[in-house]
Amino acid sequence: MLDLNITLLFQLANFLIAIFVLNILLIRPIRDIIRKRRAVMDDLRGEAASFEEDATQRMADYEAALTQARRDASATCEQGRAAGTEEQQQLLGVAQKKAQDILAQTRRELEAEAQETLTALRGQVPALSAEVAEKVLRG
């Protein structure tokens, strides 16, 4: 059975002194270290959240800038196409005008040449008629 004597009181006193000493030497410093680590971890979590939020904002800004750049590029491309089409139409109009002028000039030259040839042939008709009549009469 359990004896209750003075050694129990000494053991209890010894236990309480050991708890008190351990509390001063071991438990309080460990609690302080744990408290400091929690504070550091909370600060790091806050910084990590801040960095994540900053990264998210930067990514959103980047996406917006990229979208705007694509829109600008598309608009510039459309302007270039429109300008190219307009220039093509102008060049086509100038080319058609030149072609019509060349055709008109060629027609005038052909008509003038045909008129000259006709005039020359009409001038030769009396001489050729006389020659043909002479050959017919001799013949």
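Residues numbered from 1 in each chain as written. Predicted model: local features only at pLDDT ≥ 70, side-chain atom pairs only at ≥ 80, totals over all residues. Heavy atoms only, no water.

Scanning the chain for helices and strands turns up 1 helix and 0 strands. Relative to the globule expectation of 14 Å for 139 residues, the C-alpha radius of gyration of the chain, 57 Å, shows a markedly less compact shape. With respect to the three principal axes, the spread of C-alpha positions in the chain is 185 × 30 × 20 Å. For the chain, buried positions account for 0% of its 139 residues. When the accessible surface of the chain is summed, it comes to about 12900 Å², and 62% of that surface belongs to carbon and sulfur atoms. The averaged location of the 21 negative side-chain charges in the chain is 5 Å from the averaged location of its 18 positive side-chain charges. (Helix = DSSP H or I, 4+ residues; strand = E, 2+ residues; numbered from the N terminus. Rg over C-alpha atoms; globule rule 2.2 N^0.38 Å. Buried < 20%, exposed > 50% of the residue type's maximum accessible area, 1.4 Å probe, protein only. Areas by Shrake-Rupley, 256 points an atom, 1.4 Å probe, with all protein chains shown as cover. Lys, Arg positive; Asp, Glu negative; His and termini not counted. Charge placed at Lys NZ, Arg CZ, Asp CG, Glu CD.)

What follows is about a nonpolar patch on the surface. A contiguous nonpolar surface patch, about 900 Å² in accessible area, is contributed by Ile17, Phe20, Val21, Leu22, Ile24, Leu25, Leu26, Ile27, Ile30 and Ile34. Positionally, Phe20 belongs in helix H1 (residues 6-138). (Patch = residues over 30% accessible without salt bridge, like charges linked within 9 Å, V, L, I, M, F, W, Y side chains within 5 Å. Salt bridge = Lys/Arg side-chain N within 4 Å of Asp/Glu carboxyl O.)

Inspection of the secondary structure assignment puts Gly123 in helix H1. Since its relative accessible area comes to 53%, Gly123 is described here as exposed.

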